[in-house]
Amino acid sequence: MLIKDRWYIACPSARLASDKPFPFQVGDRKLVAFRDQEGAPQVLDDRCPHRAVPLSLGRVEQGKLSCGYHGWVFDGEGECISVLSEGPNSRIPGKVQARQYPTQTLKGMVFVWTGDSEPAPIQEDVPEEFFENESQVLYRIADWPVDWRVALENSMDSHVYYVHRDTILMFARGPLDP
């Protein structure tokens, strides 16, 4: 299930190498992230508009993502800027677009807007700690082959504060606000 008009975490910024596409999924949307020439994270549909091959199977060179099937090359805006298999006289560049998704990076995490409309202010969807200078955001990535509700119930519920109340992390955090 995907609520479309929301900001979602795409990946930790450190996961985006300058030369490799990073495939990920938000709900039922298969997406691919990469760094453009300036090093900024970009996200496109992980589907080449030509033959629907995953763009994540391609390569990133000089901040451009090329499809591994026929060499169609896309910039960070999703515009096809060249077709390697047709050479410099190709008529395709400028006429084909891969869907591009807006991104923002906060505290080392890349967020992606999945809606069809203009992005809402990211402050509406992202916890306030991402905007506080004194806040530290810790994360762990794990693949649990279960329904997301079971994972959430067993990792983010209130038992953490009770069962793990004597851990160093809880002492460092201090008392919870009432």
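Attention here is on the structure that accompanies the text. (Residues numbered from 1 in each chain as written. Predicted model: local features only at pLDDT ≥ 70, side-chain atom pairs only at ≥ 80, totals over all residues. Heavy atoms only, no water.)

Before going further, it helps to examine a nonpolar patch on the surface. Among the surface-exposed residues, Trp144, Val146 and Val150 lie close enough to one another that they form a single nonpolar patch of about 250 Å² accessible area. Structurally, tryptophan 144 can be placed in the loop between strand E11 (109–113) and helix H1 (148–155). (Patch = residues over 30% accessible without salt bridge, like charges linked within 9 Å, V, L, I, M, F, W, Y side chains within 5 Å. Areas by Shrake-Rupley, 256 points an atom, 1.4 Å probe, with all protein chains shown as cover. Salt bridge = Lys/Arg side-chain N within 4 Å of Asp/Glu carboxyl O. Helix = DSSP H or I, 4+ residues; strand = E, 2+ residues; numbered from the N terminus.)

Under the counting rule described, the total for this entry stands at three salt bridges. In this structure, the salt-bridge partner of lysine 4 is aspartate 116, at a minimum N-O distance of 2.5 Å. Taken together, the positions of lysine 4 in the segment before strand E1 (7–12) and aspartate 116 in the loop between E11 and H1 put the pair 112 residues apart, joining distant regions of the chain. With relative accessibility at 51%, the residue aspartate 116 sits in the exposed group. Beyond isolated ion pairs, a larger network of salt bridges with shared partners links Lys4, Arg99 and Asp116. (Buried < 20%, exposed > 50% of the residue type's maximum accessible area, 1.4 Å probe, protein only.)

Inspection of every chain in the model, using the stated rule, returns three aromatic pairs. Ring geometry for phenylalanine 22 against phenylalanine 24: centres 6.3 Å apart, planes inclined by 25°, an arrangement best described as stacked. Note on accessibility: phenylalanine 22 and phenylalanine 24 belong to one class, buried. (Phe/Tyr/Trp six-rings, centres within 6.5 Å; stacked < 30°, edge-to-face > 60°.)

Relative to the helices and strands, serine 66 is located in strand E6 (residues 64–66). Overall, the relative accessible area of 11% leaves serine 66 in the buried class.

Read across the open sheet, the three strands follow the order E1-E11-E10; overall the sheet is antiparallel. The outermost strands of the open sheet, each flanked by one partner alone, are E1 and strand E10 (103–106). Here the strands of the sheet are splayed against their neighbours by 30° on average, with no regard to which way each runs. (Pairing = 2+ DSSP bridges. Axes fitted to C-alpha atoms, helices over the stretch in contact; angles between N-to-C directions.)

This part is about the sheet that holds strand E3 (residues 29–35). One open sheet holds the four strands; their spatial order is E2-E3-E4-E9, and the pairing between them is antiparallel. What marks the edges here is a single partner per strand, and that holds for strand E2 (22–26) and strand E9 (100–101). When E2 meets E3, the two strands line up antiparallel, connected through five bridges. The residue of E3 that forms the bridge with phenylalanine 24 is leucine 31.

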